[in-house]
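Below are the chains, spelled out letter by letter.
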Amino acid sequence: MKNNHKLTSIPKIFEMQQVIDPKFLKDEIEKISSFGNRWVGSEGEKSTRRYLFKRFQELGLEDVEIEEFDCLRYTPKHSKLSVETPLQETIPCFPLEYSGDGVVKGEIVYVADGSEESIRALKDLGYSLEGKIALLLSDTPAFRIPKLLEEGVAGFVVATDAPEDLIPALAAKTYPPELEDPMRWRLTVPGVIISRKSLHRLLSLMSVGKVIVEIRHESEYSIEKTGNVIGILKGLEEERMIVVGAHYDSQIKGIGVWDNLTGTSLLLALAQFFRSKRLKKSLVFIAFGAEEIGLWGSTVYVENHLDELKEKCLCMLCMDAVSSAYPAERSLWSEGWLKDFIMKVCEENGVSIENTHRLNLSYSDYYPFKVKGIPSAMLWEHPPVNPYYHTEKDTIRYVDVNKLAFMGTLYAKIISSLDEL
Ligand SMILES: [Zn+2]
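Please read all numbers here as calculations on a predicted model, not as lab measurements. (Residues numbered from 1 in each chain as written. Predicted model: local features only at pLDDT ≥ 70, side-chain atom pairs only at ≥ 80, totals over all residues. Heavy atoms only, no water.)

Bringing helix 5 (residues 196–206) into the picture now. Residues of helix 5 that are buried include every one of Ser-198, Leu-199, Leu-202, Leu-205 and Met-206, and no others. In an axial view of helix 5, the angular spread of the buried residues amounts to 125°, which keeps them on one side of the axis. (Buried < 20%, exposed > 50% of the residue type's maximum accessible area, 1.4 Å probe, protein only. Helix = DSSP H or I, 4+ residues; strand = E, 2+ residues; numbered from the N terminus. Arc of directions from axis to C-beta.)

What follows is about the environment of His-78. Mapped onto the fold, His-78 is located in strand 1 (residues 62–85). Classification of His-78 by relative accessible area gives partly exposed; the value is 34%. Other than its neighbours up to four places away in sequence, His-78 contacts Pro-95, Arg-216, His-217 and Glu-218. (Contact = heavy atoms within 4.5 Å.)

The tally for this structure, following the rule as stated, stands at 27 salt bridges. The salt bridge involving Glu-62 is made with Lys-234; its shortest N-O contact spans 3.9 Å. Placement of Glu-62 in strand 1 and of Lys-234 in the loop between strand 8 (212–233) and strand 9 (241–247) is noted, with a sequence separation of 172 residues between them. Among the ionic contacts, a cluster of salt bridges with common partners joins Glu-28, Lys-54, Arg-55 and Glu-58. (Salt bridge = Lys/Arg side-chain N within 4 Å of Asp/Glu carboxyl O.)

Once that is clear, we can look at the side chain of Glu-329. The residue Glu-329 is located in the loop between strand 11 (313–318) and strand 12 (330–334) in this model. One polar contact links Glu-329 to Asn-355, side chain to side chain, over a distance of 3.1 Å. (Polar contact = N/O pair within 3.5 Å; in protein donor to acceptor, adjacent residues only side chain to side chain.)

Once that is clear, we can look at the packing of helix 1 (residues 22–33) against helix 6 (residues 257–274). Pairs of packed helices are described in terms of their axes, by the angle between the two and the distance that separates them. Here helix 1 crosses helix 6 at 125°, and the two axes come no closer than 9 Å. What the angle tells us is that helix 1 and helix 6 run oblique. Here helix 1 and helix 6 pass one another in a crossing that is right-handed. Mapping the contact onto sequence places Phe-24, Leu-25, Glu-28, Ile-29, Ile-32 and Ser-33 in helix 1 and Val-257, Leu-261, Thr-264, Ser-265, Leu-266, Leu-268, Ala-269 and Gln-272 in helix 6. (Axes fitted to C-alpha atoms, helices over the stretch in contact; angles between N-to-C directions. Parallel < 35°, antiparallel > 145°, perpendicular 65-115°, else oblique. Left-handed = near helix turned anticlockwise from the far one by under 90°.)

Each aromatic ring pair is specified by the distance between its two centres and by the angle formed by the two planes. Taken as a whole, this structure holds 18 aromatic pairs when the rule is applied. A centroid spacing of 6.4 Å and a plane angle of 85° characterise the contact between Phe-143 and Tyr-367, whose relative ring orientation is edge-to-face. With Phe-143 in the loop between strand 5 (133–137) and helix 4 (145–150) and Tyr-367 in helix 10 (residues 366–371), the pair connects residues that are 224 residues apart, well separated along the chain. Of the residues examined, Tyr-367 reaches a relative accessible area of 10% and is grouped as buried. Here the aromatic residues Tyr-74, Tyr-98, Trp-185, Tyr-221 and Trp-296 are joined through ring pairs into a cluster of three or more. The ring of Tyr-221 is capped by Arg-186, whose NZ or CZ atom sits 4.4 Å from the centre of that ring. The lysine or arginine in question, Lys-277, covers the ring of Phe-273, its NZ or CZ lying 4.2 Å from the ring centre. (Phe/Tyr/Trp six-rings, centres within 6.5 Å; stacked < 30°, edge-to-face > 60°. Lys NZ or Arg CZ within 6 Å of the ring centre and 35° of its normal.)

Within the protein, the atoms that donate to the zinc ion are His-247 (NE2), Asp-259 (OD), Asp-320 (OD) and Asp-320 (OD), at distances of 2.0 to 2.7 Å. For the zinc ion, the 4 donor atoms are set out with angles of 53 to 144° between them, so the coordination reads as irregular. When the donors of the zinc ion are listed by position in the chain, the intervening gaps give H-x11-D-x60-D. Here His-247 is found in strand 9, whereas its partner Asp-320 is found in the loop between strand 11 and strand 12, with 73 residues between them in sequence. Here His-247 falls in the buried class, since its relative accessible area comes to 1%. (Donors = N, O, S within 2.8 Å, 3.2 Å for Na, K, Ca; no water. Tetrahedral: all angles 85-135°; square planar, octahedral: opposite > 155°, others 65-115°.)

For the rest of this paragraph, the subject is the side chain of Asn-355. Take Asn-355: it is sitting in strand 13 (residues 355–357). A distance of 3.5 Å separates a polar atom in the side chain of Asn-355 from the backbone oxygen of His-382. Dropping the residues within four chain positions of it, Asn-355 is found in contact with Glu-329, Arg-330, Ser-331, Leu-332, His-382 and Pro-383.

Turning to the environment of Leu-338, a few remarks are in order. Within the secondary structure, Leu-338 is located in helix 9 (residues 336–348). Residues Leu-338 and Thr-299, spaced 39 residues apart in sequence, show a C-alpha to C-alpha distance of 21 Å. Residues in contact with Leu-338, not counting those within four places in the same chain, are Cys-315, Met-316, Pro-375, Ser-376, Ala-377 and Leu-418.

Before going further, it helps to spend a moment on the pairing of strand 12. Counting buried positions along strand 12 gives 5 out of 5 residues, so the element sits mostly inside the fold. On strand 12, burial covers both faces: Arg-330, Leu-332 and Ser-334 on one face and Ser-331 and Trp-333 on the other are all buried. Pairing geometry for strand 12 and strand 14 (residues 376–381), over 5 bridges, is antiparallel. Across the sheet, the residue bridging to Ser-331 is Trp-380, located in strand 14. (Pairing = 2+ DSSP bridges.)

Shown next, in the form of structure tokens:
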């Protein structure tokens with residue numbers, strides 16, 4: 001990664017009065033951290049849900065409820081990738097999230113980034129992917145897998161540019177999840193993930209001739225009950241609303257402080273800050289469940305409340321991995337009028353946004369809203385990512401609560417400005 005990123009500091013000429021208390025954030029982070037790991041279906045996840053329900057009530061939110069839903073939990077067990085021809089060799093790999101269990105053997109075909117264009121280029125040469133193992137280089141294989149399955153591929157080897165120790169955490173996250181029958185969401189064929197170095201090894205073998213590989217993938221699938229915690233601060237004009245959301249689940253390892261107790265603690269802090277204000281619009285605070293394994297909670301919410309959202313919702317603000325102790329760029333992911341509006345609010349308050357991004361990737365809970373045409377935004381620090389992202393090391397040690405409180409104040413300023421519209 002590049003080293004020339006600017007340090008996200010608290011601007012000296014910052015004109016806003018700081019309204020979020022770092023101590024409040026620290027206390028909430030420490031409290032929720034004490035519940036342990038929050039992987040879907042874990043005890044820590046259940047305790048966190050109960051705790052957030054109680055806190056929403058204590059903070060004076062109205063109509064506090066837990067919107068329950070079923071989701072498909074995937075737990076990786078084992079994976080193996082072996083080259084059988086032209087020589088025998090094992091390539092290091094990780095299980096591809098949500099892929100099918102079993103063993104499959106076949107000729108490997110490099111489909112580049114797996115885009116429709118790449119597939120067509122192969123087909124134009126008279127090449128069929130039927131029964132072949134697709135080798136692709138992609139950090140978002142979820143977007144490529146459906147089309148490749150249609151072509152009849154028998155397995156996936158996905159190469160990623162993610163650093164070696166982040167590979168398992170950046171596995172395929174498919175979207176949209178299958179809400180009606182979660183079990184159906186499991187891919188029909190097995191898959192593994194490899195590093196770019198291993199991709200080069202396979203490509204060099206393929207340059208000599210046909211390469212046959214065997215993929216083995218074992219995992220555990222279960223249906224888990226989970227839920228979104230929802231609470232409302234009713235505004236003077238109840239017919240207009242702003243959704244403020246943050247997921248509270250974590251990856252399978254660790255207690256996920258940066259991702260996402262930063263967003264979860266800010267959700268509580270913003271509820272506390274705005275409860276004494278008489279806003280025009282209603283603020284709907286949502287702690288989403290099951291984000292890490294495919295945006296289940298936000299997809300369920302959008303599905304269940306679509307008419308209300310279309311009629312009343314001005315926009316959705318997503319808080320995910322908001323701020324760490326690491327130097328990074330301040331980044332706004334948004335589109336259209338909302339992006340311009342937030343950029344203007346930041347500029348007026350002397351806050352620079354070093355990086356902007358469209359909402360074309362299903363990286364967090366803004367995505368199901370965006371897909372249904374609800375203006376959405378996520379303000380966070382990226383790149384580079386916290387090196388401890390999605391690992392056991394994602395603890396409070398690597399989060400600077402002062403910097404987080406600053407981001408919270410910025411969110412508060414944005415919400416106040418949106419309320420004036
Ligand atoms: Zn997250």
